[in-house]
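Descriptive structure summary
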Amino acid sequence: GGDHKKEFSFNDFFHLDSIAMEHEGMNIITMEEFLKRKGVTGQLKNLQNGQIVKPPSSKTNWNGDDLNPLWSYLRDVGKYPQG
């Protein structure tokens with residue numbers, strides 16, 4: 001049959017709700033919620049030039065879409081360890 005699930009979230013593999021309940025103060029939000037709260041409101045800056053950068057096309061829901069523009073955006077505005 002063609003009724004197989006095609007989209008998965010972290011919660012399909014990791015029980016984040018129960019993890020958050022076990023660890024007080026650990027609040028987990030979706031990428032969509034993060035982009036709504038921080039991205040489209042202009043709270044994220046390009047780390048190279050300091051300019052405010054919004055998500056590509058100000059999109060917050062990337063389900064089923066090509067994620068490469070999102071990953072590129074997150075690399076521009078996010079700090080991550082080297083190595």
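Above this text is the structure in question.
Bear in mind the structure is a predicted one, so any value in this text is a computation, not a measurement.

Definitions and cut-offs
Residues numbered from 1 in each chain as written. Predicted model: local features only at pLDDT ≥ 70, side-chain atom pairs only at ≥ 80, totals over all residues. Heavy atoms only, no water. Helix = DSSP H or I, 4+ residues; strand = E, 2+ residues; numbered from the N terminus. Buried < 20%, exposed > 50% of the residue type's maximum accessible area, 1.4 Å probe, protein only. Contact = heavy atoms within 4.5 Å. Areas by Shrake-Rupley, 256 points an atom, 1.4 Å probe, with all protein chains shown as cover. Core = buried A, V, L, I, M, F, W, Y, C linked by side-chain atoms within 4.5 Å.

**Overview of the overall build of the protein**
Broken down by element type, the protein carries four helices and zero strands. Going from N to C terminus, the protein has its helices and strands arranged as α-α-α-α. The buried share of the protein, taken over its 83 residues, is 16%. Pairs at least 24 apart in sequence give 40% of the contacts found in the protein among residues at least 6 apart. With an accessible surface of roughly 6,900 Å², the protein has 51% of that area assigned to carbon and sulfur atoms.

**Quick look at the nonpolar core**
Counting residues in hydrophobic clusters, the biggest one holds seven residues: Leu 35, Leu 44, Trp 62, Leu 70, Tyr 73, Leu 74 and Val 77. Counting residues per element, this core draws most heavily on helix α4 (residues 68–77), which supplies four residues. Not counting chain neighbours up to four residues away, the residues in contact with Leu 35 comprise Val 40, Pro 55, Lys 59, Thr 60, Trp 62, Leu 70 and Tyr 73.

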